[in-house]
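Structural overview for review
Below are the chains, spelled out letter by letter.
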Amino acid sequence: LCSALAGPILYRQADQAHRHQLERLAVLQDLLGTGWWELLPDSGEVQLAPQLARTLALPEQSDVLSLEQWLQLIHPADRHEFESRLTLLSDHGTPMLACVRLQQQDGDAPVWLRIQGQALGSGQTRRVLGFMLDVSDIKNQETEAAAAHARLDNLIASSPAVIYVLEYDQGS
């Protein structure tokens, strides 16, 4: 009798805990500008987490894209390498890690994404999935630091350096 009464209550508690976990995951993905993706093997489409679709500025309810549409989001300079790595992942199960830029309108700061993927299972049950993370802040800081370093190197190279030692007396 007790198990008959407790069963539904425990089920509702577990269901509520699961919903809270999904909500926390969704909030975390929104805050990080990240989300999961899955390559659907039968259709050749890519399914995106709703948070990731928002990060990519896709229209509402556009969480499934054709592979070609997904590749068109990537900057042309990064697209071929990314496509090669994605092919290795889907065909051979080679884990994928890539940093790519999104295709941007002229003048906009580049949006950099770190894309990781892996294959799970084998045969008919094989799934290819991963995540994308916005790393624009890090990449833009690296670019600014490299530019500052180049300016410093240029300044040092173009400055005449003359050092005069007037008198040296036992370390002073």
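Let me begin by describing the structure that accompanies this report. (Residues numbered from 1 in each chain as written. Predicted model: local features only at pLDDT ≥ 70, side-chain atom pairs only at ≥ 80, totals over all residues. Heavy atoms only, no water.)

On to the pairing of strand 1 (residues 34-40). The buried fraction of strand 1 amounts to five of the seven residues, a majority that puts the element mostly inside the structure. When strand 1 meets strand 6 (residues 127-134), the two strands line up antiparallel, connected through six bridges. Residue W37 lies in a different strand from strand 6, and its bridge partner there is G130. Pairing analysis gives four bridges linking strand 1 to strand 2 (residues 45-48), with the strands arranged antiparallel. (Buried < 20%, exposed > 50% of the residue type's maximum accessible area, 1.4 Å probe, protein only. Helix = DSSP H or I, 4+ residues; strand = E, 2+ residues; numbered from the N terminus. Pairing = 2+ DSSP bridges.)

Our focus in this paragraph is helix 4 (residues 76-92). Taking 1.5 Å of rise per residue, the 17 residues of helix 4 would be expected to cover 24 Å, and the 24 Å separating its terminal C-alpha atoms lies within 8% of that figure. Within helix 4 the residues assigned to the buried category are D78, R79, F82, L86 and L89. Looking one or two residues beyond helix 4, the residue adopting positive phi is G93, at roughly 80°. (Expected span 1.5 Å × (residues − 1).)

Let's shift gears to the pairing of strand 4 (residues 96-101). Side chains M96, A98 and V100 of strand 4 all project onto a buried face; the interleaved residues L97, C99 and R101 project onto a face where none is buried. As judged from the six bridges shared by strand 4 and strand 5 (residues 112-120), these two strands associate in the antiparallel manner. Along strand 5, the bridge assignment pairs L97 with Q116.

Aromatic rings in a pair are described by how distant their centres are and how their planes are angled relative to each other. Scanning the model with the defined rule gives two aromatic pairs in all. Considering the side-chain rings of W37 and W70, the 5.1 Å spacing of their centres and the 45° angle between planes classify their relative orientation as tilted. One end of the pair, W37, is in strand 1; the other, W70, is in helix 3 (residues 67-72), with 33 residues separating them in the sequence. Comparing W37 with W70, the two get one shared label, buried. With centroids separated by 5.4 Å and ring planes inclined at 80°, the aromatic side chains of W70 and F82 adopt a geometry described as edge-to-face. One end of the pair, W70, is in helix 3; the other, F82, is in helix 4, and 12 residues separate them in sequence. Judged on exposure class, the residue W70 and its partner F82 are both buried. (Phe/Tyr/Trp six-rings, centres within 6.5 Å; stacked < 30°, edge-to-face > 60°.)

Across all of its chains, the model carries five salt bridges by this definition. With a shortest N-O distance of 3.0 Å, R101 and D78 are connected by a salt bridge. Here R101 is found in strand 4, whereas its partner D78 is found in helix 4, with 23 residues between them in sequence. (Salt bridge = Lys/Arg side-chain N within 4 Å of Asp/Glu carboxyl O.)

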